[in-house]
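For reference, the chains in residue letters:
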Amino acid sequence: MATTAAGPVFILLLLAAGAAVDGRFLSNRTSSAGLVSDGVHDHRDGSPYLFLPSFSAVSASDSCDQTYGFMPCTTTVVGNLFLIVVYGYLMFLSATYLSSGSELLLKILGPGIVGGLFLPILGALPDAMLILVSGLSGSKETAQSQVSVGMGLLAGSTVMLLTIIWGSCVIVGKCDLQDSVAKNLQDTKRFSLTGSGVSTDIWTKYGAWIMVISVIPFIIVQLPQAIHSTSGRHLAVLIALIVSVVLLVAYCFYQVGQPWIQKRKLAYIKHKNVMYGFLKHLRMRALGRLLTEDGDPNEEIIRKLFRTIDVDNDSKLSKTEIRALIVGIQFDEIDLDTNEAVDRVMNDFDTSNDQYIDEEEFVKGVSKWLIEAKHYGTSGPDAGSNSLRFLEAAHNETKRDHDLLGVQSDELVEAVKNPKWITFKAVMMLLLGTVIAAVFADPLVDAVDNFSDATSIPTFFISFIALPMATNSSEAVSAIIFASRKKIRTTSLTFSELYGAVTMNNVLCLSVFLALVYVRGLTWDFSSEVLVILIACLVMGSLASFRTTYPLWTSSIAFLLYPFSLALVYVLDYILGWS
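Our subject in this report is the structure included herewith. (Residues numbered from 1 in each chain as written. Predicted model: local features only at pLDDT ≥ 70, side-chain atom pairs only at ≥ 80, totals over all residues. Heavy atoms only, no water.)

**Looking at the sheet that holds strand β3 (residues 196–199)**
Now for step 1: Taken in spatial order, the four strands of this open sheet run β2-β1-β3-β6, and their pairing is antiparallel. Since the sheet does not close on itself, it has two edges, and those belong to β2 (181–182) and β6 (549–551), each with one partner.
Now for step 2: In this structure, β3 lies alongside β6, joined through three bridges in antiparallel fashion. Within the sheet, the bridge partner assigned to Ser199 lies in β6 and is Thr549.
Now for step 3: Running over the sheet, helix α4 (residues 140–173) touches β1 (175–178), β3 and β6 and is turned about 110 degrees from β3. (Pairing = 2+ DSSP bridges. Helix = DSSP H or I, 4+ residues; strand = E, 2+ residues; numbered from the N terminus. Contact = heavy atoms within 4.5 Å. Axes fitted to C-alpha atoms, helices over the stretch in contact; angles between N-to-C directions.)

Laid out in structure tokens, this is it:
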């Protein structure tokens, strides 16, 4: 902790030493007398002090306002570029401390509220802080000018996460594709556009759905401009703000409850796998087809099968008889032992709860699962009665669903040693990251604004390109490192974090932005920026919402979206005059 804190301390000292001061400029050209003037002429006020005239170097004629009254500032291009780099690095440190502290706290307290509520909010804190200060500065006119920095950051962060970082993760994490699923740690097809790629679990697909839904507030706030109405813009901002806050709360509740939902989903998938494996085994022993020509359960064959299994002829099946039947079925791929499989069959078939399965219960239970298995069947001349084909397809599909849930044995979390120290360290890192973000967000916005004035480059493009590199750097590095491990589990975690970060941009950061616009009475005039966000979220979200495997060619779509977004904003704003 002490070592990592040395970097920001040095930066702070450097900034303090670089505060604006006045001095006298000495030219190499001397006067005709070969003397250097002391700058004082006709000194008559009797003051014993010598005052030197102010001078602003490097062709800067206008003075600048120091943030907080003491932070360094400049009106020169090089000076403001230096300040953007320094303040950007400090915001990067803030994001890093917040990320590291959150992960440490997650180890102590586990998922639930910490993983579902605090982690997403803390991850979006640097962006939210920059957006907040961009609209709080000075007068209403100043805020209206600087708020484009916040919009540039919001759009740039979303587009960068879904394009450059998303595409890089596909390239770094690619594995060989076999049966449309990436094989862990197997990368022999090199850069095959269709033969290599990445696969994610089903929860990642759900995350993409949520990301797409989270763009609703953007659509709402943009409606008055879409219909060329000026009277309802302020009301649209308020409605979009309310919807955005509601979506933020709903998303946090979803994140909190996701571990419970995942466990329930896993339990159901395991149960289906056992039932289909059990029926598939029964089909092997049946003296005929379990389905009639019309595709209905063949009760006569099912009853004969029951009598075959009932070895003691007491017209009921005990746990012992079920275990003797199940012992030959392999459930290793879903980490299930024979005893648990027996319990699942008994609980499903034994509707009378007498610890036995009678003939009627057996017929009803088999018929129920045969009907459900038919949904996995394929068409063909023998599709109606070929129960083996249905059961084979259903069994394989449930095993694949189990794999897509991303539950692996290496997800077990070991007990944390010295939890008190880890907790203290996590809290200190979170506190330091929050303080850095709060203190240096405003100076960074001012530096961007001054750099824009000095270069005549619109603040939107500066904040769109430069600021996300600072606030999203830690997320980018973490995502690429996880993707490089070339496993479905780590790849799923990578893309889930990317979709989660974009969702928080769309609900938390947008809520802050909309609140600023509404409270300060600012004008919402960001049609092209909103369009860019919508295109990125809908294109990449649609791509991820209907598949869990991304071949390598999908990365090209992501990479092309970034320059397309920049070009689109330029054309709409500066050629077509949208803003």
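On we go.
**Considerations on the pattern of salt bridges**
Side-chain pairs of opposite charge can arise whenever the charged atoms involved come near each other.
Now for step 1: All chains considered together, the criterion is met by nine salt bridges.
Now for step 2: The residue Asp187 makes a salt bridge to Lys486 at a minimum N-O spacing of 3.5 Å. Taken together, the positions of Asp187 in the loop between β2 and β3 and Lys486 in the loop between α16 (473–483) and α17 (488–520) put the pair 299 residues apart, joining distant regions of the chain.
Now for step 3: Judged by its relative accessible area of 27%, Asp187 falls in the partly exposed class.
Now for step 4: The closest approach of N and O atoms between Lys368 and Asp348, which form a salt bridge, is 3.3 Å. On the criterion of sequence distance, the pair formed by Lys368 in helix α11 (residues 359–373) and Asp348 in helix α10 (residues 338–349) is long-range, its members being 20 residues apart.
Now for step 5: Residue Asp348 is classed as buried on the basis of its relative accessible area, which comes to 17%.
Now for step 6: Connected through salt bridges with shared partners, the residues Glu299, Arg303, Arg307, Glu359 and Glu360 form a single ionic network. (Salt bridge = Lys/Arg side-chain N within 4 Å of Asp/Glu carboxyl O. Buried < 20%, exposed > 50% of the residue type's maximum accessible area, 1.4 Å probe, protein only.)

**Concerning the packing of α16 against α17**
Now for step 1: Look at α16 against α17: their axes get within 7 Å of each other, and the N-to-C directions meet at 155 degrees. One way to sum up the angle between α16 and α17 is to call them roughly antiparallel. Here α16 and α17 pass one another in a crossing that is left-handed. Of the residues in α17, those in contact with Glu475, Ser478, Ala479, Phe482 and Ala483 of α16 are Thr490, Thr491, Leu493, Thr494, Glu497, Leu498 and Ala501.
Now for step 2: Of the residues assigned to the contact of α16 with α17, the class counts are six nonpolar, four polar and two charged. (Parallel < 35°, antiparallel > 145°, perpendicular 65-115°, else oblique. Left-handed = near helix turned anticlockwise from the far one by under 90°. Nonpolar A, V, L, I, M, F, W, Y, C, P; charged D, E, K, R; others polar.)

**Examining the pairing of β1**
On a regular strand, each side chain points to the face opposite its neighbour's, so the side chains alternate between the two faces of the sheet.
Now for step 1: Taken together, the two bridges between β1 and β3 define a ladder with antiparallel strand orientation. When the sheet's bridge partners are listed, Cys175 is paired in β3 with Gly197.
Now for step 2: Bridging between β1 and β2 involves two bridges; their strand directions are antiparallel. Across the sheet, residue Gln178 finds its bridge partner in β2, namely Val181.
Now for step 3: Hairpin remark: β1 followed by β2, antiparallel, with two residues in the connecting loop; positive phi at Asp179, about 55 degrees.

**Points about the nonpolar core**
Where a protein is soluble and globular, its nonpolar side chains tend to be buried together.
Now for step 1: One finds Trp166, Phe495, Tyr499 and Trp524 to be the most contacted residues of the largest nonpolar core, which totals 105 residues.
Now for step 2: When residues in this core are grouped by element, the largest group, 15 residues, is from α4.
Now for step 3: If near-sequence neighbours (up to four positions away) are discounted, Trp524 is found in contact with Met151, Val221, Gln222, Gln225, Arg233, Val237, Leu510, Phe513, Leu514, Val517 and Val530.
Now for step 4: Counting residues in hydrophobic clusters, the runner-up holds 29 residues, among them Leu290, Ile301, Val342 and Trp369. (Core = buried A, V, L, I, M, F, W, Y, C linked by side-chain atoms within 4.5 Å.)

**Focus on helix α13 (residues 419–455)**
Now for step 1: Compared with an ideal rise of 1.5 Å per residue, which puts 37 residues at 54 Å, α13 spans 51 Å between its outermost C-alpha atoms and is within 8% of the ideal.
Now for step 2: The sharpest bend along α13 measures roughly 35 degrees and falls at Phe440, with the proline Pro443 sitting one to four residues further on. (Expected span 1.5 Å × (residues − 1). Bend = angle between axes of the 7 residues up to and from the residue.)

**Structural notes on the environment of Phe278**
Now for step 1: Within the element layout of this structure, Phe278 appears in helix α7 (residues 233–285).
Now for step 2: For the pair Phe278 and Ile326, spaced 48 residues apart in the sequence, the C-alpha separation amounts to 6.9 Å.

**A short note on a nonpolar patch on the surface**
Now for step 1: The grouping of Tyr570, Val571, Tyr574, Ile575, Leu576 and Trp578 at the surface amounts to a nonpolar patch, some 630 Å² of accessible area in total.
Now for step 2: Looking at the secondary structure, you find Leu576 in the segment after α19 (554–575).
Now for step 3: Relative accessible area serves as the criterion here: at 52%, Leu576 is assigned to the exposed category. (Patch = residues over 30% accessible without salt bridge, like charges linked within 9 Å, V, L, I, M, F, W, Y side chains within 5 Å. Areas by Shrake-Rupley, 256 points an atom, 1.4 Å probe, with all protein chains shown as cover.)

**Overview of the side chain of Asp350**
Now for step 1: Here Asp350 lies in the loop between α10 and β5 (357–358).
Now for step 2: Although Asp350 lies buried, it forms no salt bridge, and the closest oppositely charged side chain, Lys319, sits 8.8 Å away as judged by the N-O distance.
Now for step 3: Looking at Asp350, its side chain comes within polar contact range of the side chain of Ser352, at 3.2 Å.
Now for step 4: Once residues lying within four places of it in the same chain are set aside, the contact partners of Asp350 are Gln355, Tyr356, Ile357 and Glu361. (Lys, Arg positive; Asp, Glu negative; His and termini not counted. Polar contact = N/O pair within 3.5 Å; in protein donor to acceptor, adjacent residues only side chain to side chain.)

**Some details on the side chain of Thr494**
Now for step 1: Position of Thr494 among the secondary structure elements: in helix α17.
Now for step 2: With a relative accessible area of 1%, Thr494 lands in the buried category.
Now for step 3: For Thr494, the contacting residues outside a window of four places in its chain are Cys169, Ala479, Phe482 and Ala483.

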